[in-house]
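The primary structure of each chain is shown beneath.
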Amino acid sequence: MKTLAAALLSVISVSNGFTVPSHRQSSYLAKTALNAMSFEKDEAKNQLTVTPIKSIDGTVTLPGSKSLSNRCLLLAALSDGSTKVENLLESDDIRYMLGALDDLKVPVDKIPDDPTIVTVTGQAGPINSPTPDETLELFLGNAGTAMRPLAAALCMGEGKFVLDGVERMRERPIADLIDGLVQLGAKVTCVPETGCPPVTIDANGLKTGSASISGKMSSQFLSSMLMASPLVKGGVTITIKDELISAPYVSLTIGLMKKFGVNVEIEGDMDGAPTFKIGADESYTSPESIMVEGDASSASYFLAGAAITGGTVTVRGCGSESVQGDVAFADVIERMGATVTWAPESITVTRDPNTPLKGVDADCLAIPDAAMTLAVMALFADGPTTIRNVYSWRLKETERMKAIVAECTKLGATVEEFRDYCIIHPPKDNKVNENVVIETYDDHRMAMTFSLAACGGVDVIIDDPGCTAKTFPTYFEMLGSVATPDFSDLAEEISAATPKVVESKDA
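Residues numbered from 1 in each chain as written. Predicted model: local features only at pLDDT ≥ 70, side-chain atom pairs only at ≥ 80, totals over all residues. Heavy atoms only, no water.

Trainee: Help me understand the overall build of the protein, please; the structure alone is not making it clear to me.
Mentor: The number of helices and strands found in the protein is 15 helices and 26 strands. Burial status across the protein gives 55% buried among its 507 residues. Residue pairs in contact within the protein that sit at least 24 positions apart in sequence constitute 74% of those at least 6 positions apart. (Helix = DSSP H or I, 4+ residues; strand = E, 2+ residues; numbered from the N terminus. Buried < 20%, exposed > 50% of the residue type's maximum accessible area, 1.4 Å probe, protein only. Contact = heavy atoms within 4.5 Å.)

Trainee: Just checking my understanding: could you explain the environment of D179 for this structure?
Mentor: Along the chain, the position of D179 falls in helix α6 (residues 175–183). Once the C-alpha coordinates of D179 and S212 are considered, the two residues, 33 residues apart in sequence, prove to be 8.8 Å apart.

Trainee: Explanation requested: the pairing of strand β22 (residues 414–417) in the structure shown.
Mentor: Taken residue by residue, a regular strand's side chains alternate between the two faces of the sheet. By the bridge criterion, 4 bridges tie β22 to strand β23 (residues 422–425) in an arrangement that is antiparallel. Opposite V415, over in β23, you have I424 as the bridge partner. Here β22 hands over to β23 after 4 residues, the two strands then running antiparallel side by side. (Pairing = 2+ DSSP bridges.)

Trainee: Help me understand the sheet that holds strand β16 (residues 289–291), please; the structure alone is not making it clear to me.
Mentor: Strand pairing in a sheet is mediated by backbone hydrogen bonds. Such pairs are either parallel or antiparallel. Overall, mixed pairing links the 4 strands, which are arranged β6-β7-β5-β16 in an open sheet. Strands at the two margins of the open sheet, each flanked by one partner only, are β6 (108–111) and β16. Adjacent strand axes in the sheet meet at a mean angle of 20 degrees when their direction is disregarded. Looking at chain direction, strand β5 (residues 82–86) and strand β7 (residues 114–121) are connected through 4 bridges and run antiparallel. When the sheet's bridge partners are listed, T83 is paired in β7 with V120. (Axes fitted to C-alpha atoms, helices over the stretch in contact; angles between N-to-C directions.)

Trainee: What am I meant to see in the nonpolar core here?
Mentor: It is characteristic of soluble globular proteins that their nonpolar side chains tend to be buried jointly. Among the nonpolar cores identified, the biggest contains 81 residues, and F302, I387 and I424 are the most heavily contacted of them. Among the elements that make up this core, the one with the highest residue count is helix α9 (residues 296–309) (9 residues). Contacts of F302, omitting those with residues within four sequence positions, involve I56, V60, V313, V315, F472, Y475, M478, L479 and V482. Of all hydrophobic cores here, the second largest spans 79 residues; its members include L74, C190, V262 and V292. (Core = buried A, V, L, I, M, F, W, Y, C linked by side-chain atoms within 4.5 Å.)

Trainee: Would you take a moment to explain the pattern of salt bridges for this structure?
Mentor: Two side chains bearing opposite charge may form a pair once their charged atoms approach each other closely. By the definition in use, this model includes 19 salt bridges. Linked through salt bridges whose partners overlap, the residues forming this network are K66, D93, D369, K396, E397, R400, D443, R445 and K470. (Salt bridge = Lys/Arg side-chain N within 4 Å of Asp/Glu carboxyl O.)

Trainee: Before we go on, may I ask you to explain the sheet that holds strand β21 (residues 385–388) in this structure?
Mentor: Across the sheet, 4 strands lie side by side as β20-β21-β23-β22; this open sheet has mixed pairing. Of all the strands in the sheet, just β20 (361–363) and β22 have a single pairing partner and so form its edges. For this sheet the average axis-to-axis angle between neighbouring strands, irrespective of direction, equals 15 degrees. Packed onto the sheet, helix α12 (residues 400–410) meets β22 and β23 and runs at close to 160 degrees relative to β22.

Trainee: Honestly, the packing of helix α5 (residues 144–153) against helix α7 (residues 219–228) in this entry has me stumped. Any pointers?
Mentor: Angle between the axes and distance between the axes: these two values describe a pair of packed helices. For the pair α5 and α7, interaxial distance at closest approach is 8 Å and the crossing angle is 45 degrees. When the axis of α5 is compared with that of α7, the two are oblique. Of the two elements, α5 crosses α7, and the hand of that crossing is right-handed. Along its contact with α5, which presents G144, T145, R148, P149, A152 and A153, the element α7 presents Q220, F221, S224, M225, M227 and A228. (Parallel < 35°, antiparallel > 145°, perpendicular 65-115°, else oblique. Left-handed = near helix turned anticlockwise from the far one by under 90°.)

Trainee: Could you clarify how one ought to interpret the environment of A211 in this entry?
Mentor: On the secondary structure map, A211 appears in strand β12 (residues 209–215). The class of A211 is buried, set by a relative accessible area of 6%. For A211 and G180, which are 31 residues apart along the polypeptide, the C-alpha to C-alpha distance reads 5.5 Å.

Trainee: Explanation requested: unusual backbone geometry in the structure shown.
Mentor: A cis geometry characterises the amide bond from P197 onward to P198, with omega recorded as 10 degrees. Of note, the phi angle at S246 is positive, near 50 degrees, even though the residue is not glycine. In this structure, S246 sits in the loop between β13 (236–244) and α8 (247–259). For S246, a relative accessible area of 5% gives the class buried.

Trainee: In this structure, what is going on with the packing of aromatic side chains? I would like to understand it.
Mentor: Each aromatic ring pair is described using two quantities: the centre-to-centre distance and the angle formed by the ring planes. The tally for this structure, following the rule as stated, stands at 7 aromatic pairs. Both rings, one in F302 and one in F472, keep their centres 6.3 Å apart while their planes meet at 55 degrees; by these two values the pair is tilted. One end of the pair, F302, is in helix α9; the other, F472, is in the loop between β25 (460–463) and α14 (475–482), and 170 residues separate them in sequence. Each member of the pair, F302 as well as F472, carries the same accessibility label: buried. Between the aromatic rings of Y475 and F476, the centroid separation amounts to 5.1 Å while the plane-to-plane angle is 70 degrees, which identifies the pairing as edge-to-face. On the basis of relative accessibility, which here comes to 0%, the residue Y475 falls in the buried class. (Phe/Tyr/Trp six-rings, centres within 6.5 Å; stacked < 30°, edge-to-face > 60°.)

Trainee: Honestly, the layout of surface pockets in this entry has me stumped. Any pointers?
Mentor: The method is simple in principle: a probe with the dimensions of a water molecule rolls over the atoms, and the space it marks as empty is what remains. If you add up the space inside the largest pocket, you get close to 370 Å³. Along the wall of the largest pocket there are 18 residues; nearest its centre are I308, F380, N430, C455 and G456. Taken together, the elements giving at least two residues each to the lining of the largest pocket come down to β3 (53–56) and α9. Looking at the lining of the largest pocket residue by residue, the class counts come to 8 nonpolar, 4 polar and 6 charged. (1 Å grid on protein atoms, 1.4 Å probe; cavity = no way out; pocket = protein on both sides within 12 Å on 5 of 7 lines; lining within 4 Å. Points joined across faces, edges and corners; volume = space filled by probe spheres on them. Nonpolar A, V, L, I, M, F, W, Y, C, P; charged D, E, K, R; others polar.)

Trainee: Please explain the pairing of strand β19 (residues 346–350) as it appears in this structure.
Mentor: Two elements, strand β17 (residues 312–316) and β19, share 5 bridges in a ladder whose sense is antiparallel. Bridge pairing in β19 places T314 opposite T348. Looking at chain direction, strand β18 (residues 339–343) and β19 are connected through 5 bridges and run antiparallel. Counted as the bridge partner of T339 is T350 from β19. Count of turn residues in the β18/β19 antiparallel hairpin: 2 residues.

The structure is reproduced here in structure tokens:
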């Protein structure tokens, strides 16, 4: 393909008397490789330039879900029997969980040539410290899906532990989870002044109990307590004392627990303040093998790209039978003017170019991760877009509300920020600013979300693109595989530089 590009470059230079400027030649060659875009990285600056994208078309097979991968690993470790976990996400967050299981001496067999498949030998109950006379320290990076579930699960066994992470992890609240565990009788603390990790545990098993916890900050606190509850030697009752956000993630947890043989009784409305009961006779049993569903949050980038550009994309790995709440992002895309086709394990999105995207007012309480993608779609919509019920953005890998407001503003939008929602007014004529450097704040989803600004026909520079390793290390390669380059800027440049030929009237 590069040879073809070089030939075209030569033809343009010779036949039209125009030479593509040296500083544009590498860009031109890259853009001539239709449907196989690659994006140049400046190693010195640690920045990647996403060149203009005309359309996004094709089929994407999604990597495994981060939330499901770490839940599967933990439940497999707590189960009776060995569990083969397939389509495991290969990412930083999963490596932190695998590293913790290794430190805890939970046997995990890996296939050298395929990190997406592991076999976990369960402990048939709580995980006890392999060093009972010493405190075992576990470093979990910025992996909330490892920190919170492990903090709860390790309270149910025996041993002394300290769970810590990177600086940002020490800023992410965990006090509500600690409060709930203390109500069950656990000896566990976090930093009193901040309510954040490190978490210190002095575990000696738990017998039975009940807890009333807040659900309005993070659903992971409830999910963590639910997953740990079958390890208690008696029944457990957990009540939400205010409201439950991101309820689909709790449903995902309960559904996965059922696959490992544990039933959770639910009283009340999941959208309100429900109560959850786990019987004294419940225990985990290995399902022998389990397939991790494709990541619905990651699907949002490709579905949004098709909607923005008028392309057609099918994502495989999650669909109408998905257990993940983020598939509901497709419903928001449909409201904006795209056409959505559902299958049990896939979603297809397209948009008639004659049907413009419309701004929407969307309640994103159940889809906070995918809601970030909506922020970039809003740049290309007709009219403002309101993204509601996303206070949890402020508690994620970075302070996402501030980050999204800042980067959308750089691209030319006007953004109104409120406590738990924002209103994004698109740039005039939906023309985003050129060559904007997107700060990613060490947040994988900021990098992936704002790469879609290149669908506006401009270069977008992503700072620290390697942060996508947290959940999707091959994201930019996969984006390039389904993206068609936008030649319009080069066409204008060639047209402006090509000598005009005027025929003589006497000829």
